[in-house]
Amino acid sequence: MADEKRVLTIRPSSVALWSGIFAGPFAFALVFELKFALVGYVCQNRAQWLFWVFFLLGLAICAFGALSARRGMEPSPRARFMSLGGLALSIGFAVFLVALMMPDLFLRPCQ
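Residues numbered from 1 in each chain as written. Predicted model: local features only at pLDDT ≥ 70, side-chain atom pairs only at ≥ 80, totals over all residues. Heavy atoms only, no water.

Asks: Tell me about the pattern of salt bridges, and name the residues and values.
Replies: In total, this model carries one salt bridge according to the counting rule given. The salt bridge involving Lys35 is made with Asp104; its shortest N-O contact spans 2.6 Å. Separated by 69 residues along the polypeptide, Lys35 in helix α1 (residues 12-37) and Asp104 in helix α4 (residues 77-106) bring together distant segments of the chain. Taken as a pair, Lys35 and Asp104 share a single burial class, namely buried. (Salt bridge = Lys/Arg side-chain N within 4 Å of Asp/Glu carboxyl O. Helix = DSSP H or I, 4+ residues; strand = E, 2+ residues; numbered from the N terminus. Buried < 20%, exposed > 50% of the residue type's maximum accessible area, 1.4 Å probe, protein only.)

Printed below as a string of structure tokens:
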């Protein structure tokens, strides 16, 4: 019994499904923290365009998560549940990113 070795096999669909679940929250947290950390720099240098670069980066990560979750969909109930959850999270956090950028349409970073 001691000579038995356990082999861990990871299905490619599992990696895609977990990527789909974590991509949306990661994108939102990344953009939120970057905006908070760099507001002083953006205010001093009048570089509000930097916030829009962060926003586009966050949307790209959400799109990656949605595509990854869709790619991992299989007929099994677990994979289907995780795929739909990943799609919902990616789309939901993309909407949150849009809401996070709304004040930047009306206010300057120094206000």
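Following the structure, the description resumes.
Asks: For the packing of helix α3 (residues 49-71) against α4, give the residues involved together with the corresponding values.
Replies: Direction vectors running N to C along α3 and α4 enclose 170°, while the axes themselves pass 8 Å from each other. Overall, the two elements α3 and α4 adopt an arrangement that is roughly antiparallel. Each of Phe51, Trp52, Phe55, Gly58, Leu59, Cys62, Gly65, Ala66, Ala69 and Arg70 in α3 lies in contact with α4, whose residues at this interface are Ser83, Gly86, Leu87, Ser90, Phe93, Ala94, Leu97, Val98, Met101, Asp104 and Leu105. Here the residues of the contact of α3 with α4 are counted per class, giving 14 nonpolar, five polar and two charged. (Axes fitted to C-alpha atoms, helices over the stretch in contact; angles between N-to-C directions. Parallel < 35°, antiparallel > 145°, perpendicular 65-115°, else oblique. Contact = heavy atoms within 4.5 Å. Nonpolar A, V, L, I, M, F, W, Y, C, P; charged D, E, K, R; others polar.)

Scope: geometric values only; no functional claims are made or implied.
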